[in-house]
Amino acid sequence: MTSTSAPPPGTPLKFPTPSTSHITSQPVYPPSEDSYLLLDAFSLPSEIAFISTRFPAGTPSPLLVEIGTGSGVVSAFLAAHAGALFGRQDVITMGLDVSYTANTVTETTISKACSQHPETSATFLDCITSDLTSCLKPKCVDILVFNPPYVPTPEYPSLSTLRDGKQQKVIMNSKSQEDYDMEDYLLSLTYAGGDKGMETTDRLLDQLHEVLSGRGVLYLLLCAGNRPPEVVERVTGMESGWKMDRVIERRAGRELLSIWRIYR
Amino acid sequence: MKLLTANFLSCAVKACKSSPLSFPLHFREAELASKSVPYNPLLLSNLLPRLDWQALVTSSKELGFTLPDAKPELPLRSTTTTTTTANDDGDMNMDGGIGGGVSDEEEKTLRMLHKVLMETEVVEGKMVCGSCGFEYGIHQTVGNFLLPSHLV
């Protein structure tokens, strides 16, 4: 990163966006405005300063986890540019998604991005098929990133099709009706948030104290329909003194999107 | 799934989370592969303090590796040298060791940890909870921790 004149404060630094050209017909959430807003949030000089102060070099290596990796573009960006974004490369990352297809795609997105930036990349461990962080040992996540299914919808899709169905396989180049149905279902899981678009996010917030380490911080995307002021009131009212700051906000078509950091 | 990852996983069943038997999960019928990963001695040194060493010894033993009984003592580090070198395996690495000097003994330990924790990959297999007995499948390196509805 070199520039002759300093950008105005609040301008995200520019780091290359990971390639997702290997994603062709797989039913995963494609990199979208909300994904890019997350990349911009982490590229803000103020956020780089926040994280490198919270996890200074020479302290135990942070564990970064993304819930709902989809295409993997956010995890790949954070893993590939860890040295620049977090001030250290000794970071380990994991990706969690309910979709096996998303997990296989994400592994490729991350591996490709990291191999292109060996001078700044973190160490990616694994993608795991998991509902939220239920697979993780309690209180071990230092940096948690979540772009949830945030769209308010009359129906909230159940996970039972994935939980109780056959072992998931990679869905790609669908030909059978069964595969088409699975595609529709997987895509509905990527955006449908049920009541106020908050049903999945609420489940995470309920267990946040069991997920984050003492120094842990959650980066959460909300849309206006989630009623952010109500979320702030709820989070800051939870036990053990949580703070919730808005990092960045942007209008994207009809949506007003914002990224928040939640920490103690 | 890398061997190291097992140090961060526990049974997804809620009632098991508080049971010491739910961690580490036990590898069964594991098919292993060795996957080349860039050697990062800084990461290994700074990871050690947060690892559950006894769990790591258990997981390693299940996959056929023997780690020392006691956690190696390595200082926390904050810098690496940035020379690009090829190591003995011929891999190109961004390492060349850690700034501030590492003894031969430490270097040996770091290389061993790298091999076991970072480069040992479970391609197919299972992880079993010592508390409830639930088996989590690993397929094409991806672990499946989605529980059936009746266990949620």
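All chains use their own residue numbering, which begins from 1 and follows the written sequence. Starting at A for chains and at 1 for ligands, labels are handed out in the order in which the entities are written. Side-chain atom pairs in this predicted model are given and counted only at pLDDT of 80 or more, local residue features only at pLDDT of at least 70, and totals for whole chains, interfaces and linings cover all residues. The side-chain figures draw on all heavy atoms in the structure; neither hydrogens nor water molecules are used.

## Details of the overall build of chain A
Reasoning step 1: Helix and strand definitions here come from DSSP, where helices need a minimum of 4 consecutive H or I residues and strands a minimum of 2 consecutive E residues; each element is numbered from the N-terminal end. Secondary structure summary: chain A contains 10 helices and 7 strands in total.
Reasoning step 2: Throughout, the radius of gyration refers to the C-alpha atoms, and the reference size of a globule is 2.2 Å times the residue count to the power 0.38. Over its C-alpha trace chain A gives a radius of gyration of 18 Å, about what one expects of a compact globule, namely 18 Å for 264 residues.
Reasoning step 3: Dimensions of chain A, computed from C-alpha atoms along their principal axes, come out at roughly 55 × 45 × 40 Å.
Reasoning step 4: Burial classes follow relative accessibility: with a 1.4 Å probe on protein chains only, a residue under 20% of its type's maximum area counts as buried, one over 50% as exposed, and anything between as partly exposed. Expressed as a percentage of the 264 residues in chain A, the buried residues total 58%.
Reasoning step 5: Looking at chain A alone, contacts between residues at least 24 apart form 82% of all its contacts between residues at least 6 apart.
Reasoning step 6: Only the protein chains shown count as cover for residues, and the accessible areas themselves come from Shrake-Rupley with a 1.4 Å probe. Of the roughly 10600 Å² of accessible surface on chain A, a fraction of 53% belongs to carbon and sulfur atoms. Two residues form a contact once any of their heavy atoms are found within 4.5 Å.

## Here's the deal with the environment of Val 105 of chain A
All names here are of chain A.
Reasoning step 1: Looking at the secondary structure, you find Val 105 in helix 5 (residues 100-116).
Reasoning step 2: Distance in space between the C-alpha atoms of Val 105 and Gly 72 is 7.0 Å, their sequence separation being 33 residues.
Reasoning step 3: Every residue in contact with Val 105, bar those within four places of it in the chain, is listed here: His 22, Ile 23, Gln 26, Gly 70 and Ser 71.

## A word on the sheet that holds strand 6 (residues 142-144) of chain B
In a beta sheet, neighbouring strands pair by backbone hydrogen bonds and run either parallel or antiparallel.
Reasoning step 1: With mixed pairing, 11 strands are arranged side by side in an open sheet as 6(A)-7(A)-5(A)-4(A)-1(A)-2(A)-3(A)-6(B)-5(B)-4(B)-1(B). Looking at the sheet topology across the chains shown, the edges are occupied by strand 6 (243-252) of chain A together with strand 1 (26-34) of chain B. Mean inter-strand twist for the sheet, computed between neighbouring axes without regard to direction, equals 20°.
Reasoning step 2: Any two strands with at least two DSSP-identified bridges between them are counted as paired. By the bridge criterion, 4 bridges tie strand 1 (residues 63-67) of chain A to strand 4 (residues 141-146) of chain A in an arrangement that is parallel. Each residue of the ladder has a partner; that of Ile 67 of chain A, found in strand 4 of chain A, is Phe 146 of chain A.
Reasoning step 3: Axis lines are fitted to C-alpha atoms, over the contacting stretch for helices. Their N-to-C directions set the angle, which ranges from 0 to 180 degrees. Running at roughly 165° to strand 1 of chain A, helix 3 (residues 73-80) of chain A makes contact with strand 1, strand 2 (92-97) and strand 4 of chain A of the sheet.
Reasoning step 4: Taken strand by strand, helix 5 of chain A contacts strand 2 and strand 3 (123-129) of chain A together with strand 5 (135-139) and strand 6 of chain B, and its axis lies near 170° from that of strand 3 of chain A.

## A word on the interface of chain A and chain B
Reasoning step 1: Tallying the contact residues gives 42 residues for chain A and 38 residues for chain B.
Reasoning step 2: Throughout, the accessible surface (probe 1.4 Å) given up by two parts as they are put together, summed over both, is called the buried area. The junction of chain A with chain B conceals about 3100 Å² of combined surface from both sides, 59% of it contributed by carbon and sulfur atoms.
Reasoning step 3: When the area that chain A buries against chain B is broken down by residue, the three leading residues are Leu 125, Lys 137 and Arg 163 of chain A, summing to 19%.
Reasoning step 4: Take a side-chain nitrogen of Lys or Arg and a carboxyl oxygen of Asp or Glu: if they are within 4 Å of each other, that pair is a salt bridge. For the interface between chain A and chain B, the tally reads 1 salt bridge.

## Concerning the packing of aromatic side chains
Reasoning step 1: Put simply, two rings from Phe, Tyr or Trp (the six-membered ring, in Trp's case) pair if the centres are within 6.5 Å, and we call them stacked under 30 degrees between planes, edge-to-face over 60, tilted for the rest. For the structure on display, the rule yields 6 aromatic pairs over all chains.
Reasoning step 2: Judged by centre distance (4.8 Å) and plane angle (65°), the rings of Phe 134 of chain B and Tyr 136 of chain B are edge-to-face.
Reasoning step 3: Aromatic side chains Tyr 136 of chain B and Phe 145 of chain B sit 4.3 Å apart centroid to centroid with 10° between the ring planes, which places their arrangement in the stacked category. The pair formed by Tyr 136 of chain B and Phe 145 of chain B is uniform in burial state, with each residue classed as buried.
Reasoning step 4: Positioned over the ring face of Phe 50 of chain A is Arg 261 of chain A, at 3.7 Å from the centre of the ring.
Reasoning step 5: The ring of Tyr 39 of chain B carries Arg 111 of chain B above its face, with NZ or CZ at 3.7 Å from the centroid. Note on criteria: charge over ring means Lys NZ or Arg CZ within 6 Å of the ring centre, with the direction from the centre no more than 35 degrees off the ring normal.

## Section: the environment of Leu 220 of chain A
All names here are of chain A.
Reasoning step 1: Mapped onto the secondary structure, Leu 220 falls in strand 5 (residues 212-223).
Reasoning step 2: Along the chain, Leu 220 and Gly 241 lie 21 residues apart, while their C-alpha atoms are 18 Å from each other.
Reasoning step 3: Residues contacting Leu 220, with those up to four places away along its chain left out, are Phe 146, Pro 148, Thr 201, Ser 258, Ile 259, Trp 260 and Ile 262.

## Remarks on the nonpolar core
Reasoning step 1: Ranked by internal contacts, the top residues of the largest apolar core, which has 68 residues, are Met 94, Leu 144 and Leu 218 of chain A together with Leu 9 and Met 127 of chain B.
Reasoning step 2: Excluding residues that lie within four positions of it along the chain, Leu 9 of chain B makes contacts with Met 94, Ile 128, Cys 135, Leu 136 and Lys 137 of chain A together with Met 1, Phe 23, Leu 25, Met 127 and Phe 145 of chain B.
Reasoning step 3: If you look at the next biggest cluster of nonpolar residues, it comprises 34 residues, including Ala 41, Phe 42, Leu 78 and Phe 86 of chain A. Nonpolar cores are built from buried Ala, Val, Leu, Ile, Met, Phe, Trp, Tyr and Cys residues. Side-chain atoms within 4.5 Å join them into one set.

## Thoughts on the confidence of the model for chain B
Residues and elements named next belong to chain B.
Reasoning step 1: Across chain B, the average pLDDT comes to 88, with 86% of residues at 70 or higher.
Reasoning step 2: Confidence scores per residue from the predictor, reported as pLDDT, run from 0 to 100. Confidence over residues 81-97 falls short of pLDDT 50; this stretch has 32 contacts with residues more than four positions distant or in other chains.
Reasoning step 3: We note a pTM of 0.93 for the whole complex and an ipTM of 0.93 for its interfaces.

## Some thoughts on the pairing of strand 3 of chain A
Reasoning step 1: For strand 3 of chain A, the tally of buried residues reaches 7 of 7 residues, placing the bulk of the element in the interior.
Reasoning step 2: Inspection of the sheet shows strand 2 of chain A paired to strand 3 of chain A by 6 bridges, in the parallel sense. If you follow Met 94 of chain A over to strand 3 of chain A, its bridge partner there is Asp 126 of chain A.
Reasoning step 3: Consider the strands pointing away from the viewer: the crossover is right-handed when the path from the first strand over the helix to the second runs clockwise. The parallel pair strand 2 of chain A and strand 3 of chain A is bridged by helix 5 of chain A, and the resulting crossover is right-handed.
Reasoning step 4: Both strand 3 of chain A and strand 6 of chain B contribute to a ladder of 2 bridges, which runs parallel. The residue of strand 6 of chain B that forms the bridge with Thr 129 of chain A is Asn 144 of chain B.

## As for the packing of helix 1 (residues 33-43) of chain A against helix 3 of chain A
Residues and elements named next belong to chain A.
Reasoning step 1: Put simply, helix 1 and helix 3 touch, their axes get as near as 9 Å, and they point 20° apart. When the axes of helix 1 and helix 3 are compared, the pair comes out roughly parallel. Relative to helix 3, helix 1 is oriented so that their crossing is right-handed. Contacts between helix 1 and helix 3 involve Ser 35, Leu 38, Leu 39, Phe 42 and Ser 43 on the former and, on the latter, Val 73, Val 74, Phe 77 and Leu 78.
Reasoning step 2: Its residues assigned to classes, the contact of helix 1 with helix 3 comprises 7 nonpolar, 2 polar and no charged. Oblique is the label for every angle not falling under 35 degrees (roughly parallel), over 145 degrees (roughly antiparallel), or within 65 to 115 degrees (roughly perpendicular). Should the near helix be turned anticlockwise from the far one by less than a right angle, the crossing is left-handed, and should it be turned clockwise, the crossing is right-handed. In this classification, Asp, Glu, Lys and Arg are treated as charged, Ala, Val, Leu, Ile, Met, Phe, Trp, Tyr, Cys and Pro as nonpolar, and every other residue, Gly included, as polar.

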